[in-house]
Amino acid sequence: MTKKTPPRSRARDSEATKRAILDSARIHFAQDSYDRTGLREIAADAQIDPALIIRMFGSKDHLFEQALIEAVYPEIVFEERANCGDRYMQAFGKSTTDELDHFVLLLRAANMPTMLPRLEEIISDHLMDPMMEWMGGEDARLRAKLVTIFICGLMIHNIAAGDSPLNDEDMPRFTKIGSKIIQGLIDGTDAGLMTELGLAVSEPAQADKPRPKRVKQASSAKTPTKKATRTARKKT
């Protein structure tokens, strides 16, 4: 008797569909811009009906916001603390197409006056605040800001300069220096580096400190902004 293959769960199918939509949206929004991208193009590459995008995300605006949230929270950022500097330099020193798409997407949003306030909230809520908590120690906000600026600088260089002009002898040195700076900022325990930068020296963090939880897919309903949340708290 032939054994039947159990059907895939609806939840799994739904997550796979959302993943396909977000991947397609990221590519189109980054390469073609928000205004020039239509839901039909996104749906065609995701191999789904355009109506399914509205059902899952509510609108093109909300889909764009979800793509931005994913763009500011690359998985590699909050992996194990040890050797983060090396991993960051390997990942962002010569970025892949996906990572560059994420960064270009953020640049496009920064040039949209209607989206800029929301982008600032997304970066604060989904990158800076989690990174500051994850780093811990003294001057965590300043250190987190410096790390993100360093990474952004690497990615801008990749976009503008393409292949690095550094020769085979200089590139390992560049990677080693960048890795040491990033790791030093993440840990905050290198007294020499922290003093040179004018930052407070931190106590060593717990090696098993958990990473921040991955941002969950929001519902299609518009989430309250940080400003609205603060106003509500004042009223109560």
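Residues numbered from 1 in each chain as written. Predicted model: local features only at pLDDT ≥ 70, side-chain atom pairs only at ≥ 80, totals over all residues. Heavy atoms only, no water.

Chemist: Explain the overall build of the protein chain here, please?
Modeler: Looking only at helices and strands, one finds 11 helices and zero strands in the protein chain. In the protein chain, the order of α-helices and β-strands from amino to carboxyl end is α-α-α-α-α-α-α-α-α-α-α. A buried classification covers 39% of the 236 residues belonging to the protein chain. Accessible surface, the protein chain: about 14500 Å² in total, of which carbon and sulfur atoms supply 55%. (Helix = DSSP H or I, 4+ residues; strand = E, 2+ residues; numbered from the N terminus. Buried < 20%, exposed > 50% of the residue type's maximum accessible area, 1.4 Å probe, protein only. Areas by Shrake-Rupley, 256 points an atom, 1.4 Å probe, with all protein chains shown as cover.)

Chemist: Please explain the packing of aromatic side chains as it appears in this structure.
Modeler: Any pair of aromatic rings gets described here by the distance separating the centres and the angle formed by the planes. Within the structure shown, the criterion is met by three aromatic pairs. Geometrically, the ring pair formed by Phe 29 and Phe 64 is edge-to-face, given 4.9 Å between the ring centres and 85° between the ring planes. Of this pair, Phe 29 sits in helix H1 (residues 10–32) while Phe 64 sits in helix H4 (residues 60–71), and the two are 35 residues apart along the sequence. Neither residue differs from the other here; Phe 29 and Phe 64 are each classed as buried. Aromatic rings pair up to connect Phe 29, Tyr 34 and Phe 64 into one cluster. Positioned above the aromatic ring of Tyr 34 is the side chain of Lys 60, whose terminal nitrogen or guanidinium carbon lies 4.3 Å from the ring centre. The residue whose ring lies beneath Arg 81 is Trp 134, and the NZ or CZ to ring-centre distance is 5.4 Å. (Phe/Tyr/Trp six-rings, centres within 6.5 Å; stacked < 30°, edge-to-face > 60°. Lys NZ or Arg CZ within 6 Å of the ring centre and 35° of its normal.)

Chemist: For this particular structure, what's the right way to read the confidence of the model for the protein chain?
Modeler: For residues with low pLDDT, the predicted coordinates do not support detailed interpretation. Taken residue by residue, the protein chain gives an average pLDDT of 80. The fraction at 70 or more is 77%. Of all secondary-structure elements in the protein chain, the lowest mean pLDDT belongs to helix H11 (residues 226–235), at 43, while helix H2 (residues 39–46) reaches the highest, 95. Segment residues 1–10: pLDDT under 50, and two contacts once partners within four positions in sequence are set aside and those in other chains are kept. Here residues 216–236 is modelled with pLDDT under 50, and outside its nearest four sequence neighbours on either side it reaches 23 contacts, counting other chains as well. (pLDDT = per-residue confidence, 0-100. Contact = heavy atoms within 4.5 Å.)

Chemist: What is the right way to read the packing of helix H5 (residues 84–92) against helix H9 (residues 170–187) from this model?
Modeler: Think of two packed helices as two axes; the pair is described by the angle between the axes and how far apart they sit. For the pair H5 and H9, the least separation of the axes is 7 Å and the interaxial angle reads 130°. As the angle between them shows, H5 and H9 are arranged oblique. Pair H5 / H9 crosses with right-handed handedness. Only Phe 174, Thr 175, Gly 178, Ser 179, Ile 182, Gln 183 and Ile 186 of H9 make contact with H5, whose side of the interface consists of Cys 84, Gly 85, Asp 86, Tyr 88, Met 89 and Gln 90. (Axes fitted to C-alpha atoms, helices over the stretch in contact; angles between N-to-C directions. Parallel < 35°, antiparallel > 145°, perpendicular 65-115°, else oblique. Left-handed = near helix turned anticlockwise from the far one by under 90°.)

Chemist: Looking at this structure, how should I read helix H3 (residues 50–57)?
Modeler: Note that an α-helix has 3.6 residues per turn; residues three or four places apart therefore point the same way. Considered for burial, the residues of H3 that qualify are Leu 52, Ile 53, Met 56 and Phe 57. Down the axis of H3, the sector holding all buried residues measures 105°, keeping them to one side. The N-cap residue of H3 is Asp 49: its side-chain oxygen and the backbone nitrogen of Ala 51 are 2.8 Å apart. Phi for Gly 58, located one or two positions after H3, is positive at around 90°. (Arc of directions from axis to C-beta. Polar contact = N/O pair within 3.5 Å; in protein donor to acceptor, adjacent residues only side chain to side chain.)

Chemist: I tried to follow the pattern of salt bridges on my own but got confused; where do I start?
Modeler: Any two side chains of opposite charge can pair, given that their charged atoms come close. Counted under the stated rule, the structure contains nine salt bridges. Two residues, Arg 118 and Glu 65, come together in a salt bridge whose shortest N-O distance is 3.1 Å. With Arg 118 in helix H7 (residues 116–135) and Glu 65 in helix H4, this pair connects stretches of sequence that are 53 residues apart. Of the two residues, Arg 118 and Glu 65, neither departs from the other in class, the shared state being buried. A cluster of three or more residues bridged by salt bridges with shared partners is formed by Arg 19, Asp 23, Arg 26 and Glu 70. (Salt bridge = Lys/Arg side-chain N within 4 Å of Asp/Glu carboxyl O.)

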